[in-house]
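Next come the chains, spelled out residue by residue.
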Amino acid sequence: MKKIKLEIVGLSYSQTQSGAYALVLGEVNGRRRLPIIIGGSEAQAIAVEIEKMTPTRPLTHDLFKSFAVAFQINIQEVIIYNLVDGIFFAKLICSDGNQVQEIDARTSDAVALAVRFGCPIHTYEFILASAGIMIEGNDFVFLENIDAAAGEEKPEATSGYSSFSDDELKEKLQQALAEEAYEKAVKIRDELSKRKSS
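Because the structure is a prediction, the values reported are computed rather than measured. (Residues numbered from 1 in each chain as written. Predicted model: local features only at pLDDT ≥ 70, side-chain atom pairs only at ≥ 80, totals over all residues. Heavy atoms only, no water.)

Q: I'd like a description of the environment of V115, backed by residues and values.
A: Here V115 is to be found in helix α3 (residues 107–117). V115 sits 67 residues away from V48 along the chain, and the two C-alpha atoms are 9.9 Å apart. With residues near it in sequence (within four places) discarded, V115 still touches I8, I46, E49 and I50. (Helix = DSSP H or I, 4+ residues; strand = E, 2+ residues; numbered from the N terminus. Contact = heavy atoms within 4.5 Å.)

Here's what the structure looks like:
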């Protein structure tokens, strides 16, 4: 399966979930965005490294890096390899110079380690197709799961938007994308996708 390289394009505070953040990964040399909701501590761990801040004591991800480096283990790559019921699955591709090991990780932790090790982040086409948002000029395009089985149930995470018409939702989605409110855009996209599949 062909891998698609991603980069961090945004990290913003969630306006709908207290203590949560939206991590936005973007397709390198592409227009697709992959918004992922993460916890506050993971967002802090990513932001601290991106901004090159030095905490007074090592954070958990800093400790993991120090431990790995002490034993000559390097993270070569992070792969977001699956999406099940709205939950992203990731793995670390690690090497000690002799052998390569794959280690399962939460996506937020994997990204926090990727920024520390300076390693690439990849995903697969079916994940971007099912959970991504594409921005084309002032318009948006929904990306649906090209590998989804017919009749697959989507998780109910779109409460609050069911009373709006499709046109109103599309307008709200465009506004959310313009404001870079990616978490809100994901919820609106999910509501529209749910309507389309029913």
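Q: Account for the packing of aromatic side chains, with residues named and values stated.
A: Summed over all chains, the structure comprises two aromatic pairs. Ring plane angle 55 degrees and centroid distance 6.3 Å describe the contact between Y81 and F89, whose orientation is recorded as tilted. Over the ring of F117 we find K65; its NZ or CZ atom is 5.7 Å from the centre of that ring. The residue whose ring lies beneath K91 is Y81, and the NZ or CZ to ring-centre distance is 5.1 Å. (Phe/Tyr/Trp six-rings, centres within 6.5 Å; stacked < 30°, edge-to-face > 60°. Lys NZ or Arg CZ within 6 Å of the ring centre and 35° of its normal.)

Q: Report on the nonpolar core, specifying residues and quantitative values.
A: With 34 residues, the main nonpolar core has L34, I75, V78, I80 and L92 as its most contacted residues. Tallying contributions element by element places α3 first for this core, with six residues. Setting aside anything within four residues of it in sequence, one finds L92 in contact with F64, I75, E77, V78, Q101, E102, I103, A105, A110 and L113. Y161, L169, A185 and V186 belong to the second-largest nonpolar core, a separate cluster that totals nine residues. (Core = buried A, V, L, I, M, F, W, Y, C linked by side-chain atoms within 4.5 Å. Buried < 20%, exposed > 50% of the residue type's maximum accessible area, 1.4 Å probe, protein only.)

Q: Quick one: what's the story with the pairing of strand β2 (residues 20–27), residue by residue and with numbers?
A: With seven of eight residues buried, β2 is to be regarded as a mostly interior element. Examined bridge by bridge, strand β1 (residues 3–13) and β2 share seven bridges and lie antiparallel to one another. Bridging across to β2, S12 finds its partner in A22. One ladder, built from seven bridges, connects β2 with strand β3 (residues 32–39); its direction is antiparallel. Across the sheet, residue L23 finds its bridge partner in β3, namely I36. The loop that links β2 with its antiparallel partner β3 comprises four residues; one of these, N29, has a positive phi angle of about 60 degrees. (Pairing = 2+ DSSP bridges.)

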